[in-house]
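Chain by chain, the residues run as shown.
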Amino acid sequence: MNPDKALVVFSGGQDSTTCLFWAKKHFKEVYALTFLYGQKHVKEVDLAREIARKADVHFEVMDVSFIAGLCKNSLTDTSIRMDEVKPEGSFPNTFVPGRNMFFLSIAAVYAREHGIFHLVTGVSQTDFSGYPDCRDSFIKSLNVTLNLAMDEQFDIHTPLMWIDKAQTWALADELGVLDLVRNETLTCYNGIPGDGCGHCPACTLRRTGLEKYLSMKNNK
């Protein structure tokens, strides 16, 4: 087991990019694994590749498009109008069931083959938008399952788990990449880089967090 290597599940969005640079701070060698899963905002893959190049980390894209055919959701199906507000008592239709389970399970197999046992993901229970596979209990459970499944000792790191979007912006600033995260990542579900479309759920959460962080920063 090499304690100096880490694999980041990397989308090219705000959270995973912040985690990428967090990983660079804490590990000597960093790999970034990006997934094609039939997402409408597929431009994120090109941006992820460019960010990985600038960060000087290993980068690979894996096609898992089968995920799009397993369920109906507005991130992979152009015929479904995206929920801009979470429905009462239900998941938003931007929820892709099992996505993080698939990503982390595949990432663990990939990591094992490269002698990597530290996995990093940008999920957050504080700002989890109603997605159950972003919760700490799920991550801890999957970590145990992966260890049992492969008889290894993986460690899943979740630097953003207990912080909100404003604190995520603060972390990016602390890591010296606030401008890169703001201008070169793609969080928008409608595929618009930077500040995005401004009205999809991801953009709303991102913008609110940025405004809160900049206000706190300016008032210091």
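Look a little higher up for the structure.
What counts as what
Residues numbered from 1 in each chain as written. Predicted model: local features only at pLDDT ≥ 70, side-chain atom pairs only at ≥ 80, totals over all residues. Heavy atoms only, no water. Disulfide = S-S within 2.5 Å. Buried < 20%, exposed > 50% of the residue type's maximum accessible area, 1.4 Å probe, protein only. Helix = DSSP H or I, 4+ residues; strand = E, 2+ residues; numbered from the N terminus. Phe/Tyr/Trp six-rings, centres within 6.5 Å; stacked < 30°, edge-to-face > 60°. Core = buried A, V, L, I, M, F, W, Y, C linked by side-chain atoms within 4.5 Å. Contact = heavy atoms within 4.5 Å.

Asker: Can you help me understand the state of the cysteines in this one?
Answerer: Working definition of a disulfide: a covalent bond connecting the sulfur atoms of two cysteines. Across all of its chains, the model carries 0 disulfides by this definition. The cysteine Cys19 is free of any disulfide, with Cys134 supplying the nearest cysteine sulfur at 11 Å. With relative accessibility at 1%, the residue Cys19 sits in the buried group. The thiol of Cys188 is not disulfide-bonded; the next cysteine sulfur, from Cys203, is found 3.6 Å away.

Asker: I would appreciate a short explanation of unusual backbone geometry in the present structure.
Answerer: A negative phi holds for most residues other than glycine; trans holds for most peptide bonds. Located in the positive-phi region is Asp56, a residue other than glycine, with phi close to 60 degrees. Take Asp56: it is sitting in the loop between helix H2 (43–55) and strand E3 (58–63). A relative accessible area of 68% means that Asp56 is categorised as exposed. One non-glycine residue with positive phi stands out, namely Asp151, at about 50 degrees. Relative accessible area serves as the criterion here: at 68%, Asp151 is assigned to the exposed category.

Asker: Can you help me understand the packing of aromatic side chains in this one?
Answerer: For any pair of aromatic rings, the description consists of the separation of the ring centres together with the inter-plane angle of the planes. Summed over the entire model, instances satisfying the criterion amount to 6 aromatic pairs. Considering the side-chain rings of Tyr37 and Phe103, the 5.5 Å spacing of their centres and the 65 degrees angle between planes classify their relative orientation as edge-to-face. Highlighted residues: Tyr37 in the loop between strand E2 (29–36) and H2 and Phe103 in helix H3 (residues 99–113), separated in sequence by 66 residues. On the accessibility criterion, Tyr37 (3% relative accessible area) is buried.

Asker: Just to check I follow, could you spell out the nonpolar core for this structure?
Answerer: Membership of the largest hydrophobic core comes to 37 residues, with the highest contact counts inside it found for Leu7 and Phe154. If you list the elements that add at least two residues to this core, you get strand E1 (5–9), E2, H3, helix H4 (136–150) and helix H7 (201–218). Among the elements that line this core, the one with the most residues is H3, at 6 residues. Once residues within four sequence positions are removed from consideration, Phe154 is found in contact with Ala108, Ala111, Arg112, Ile116, Phe117, Leu119, Asn143, Leu146 and Asn147. Formed by 30 residues, the second largest nonpolar core is a distinct cluster that contains Phe10, Trp169, Leu175 and Leu210.

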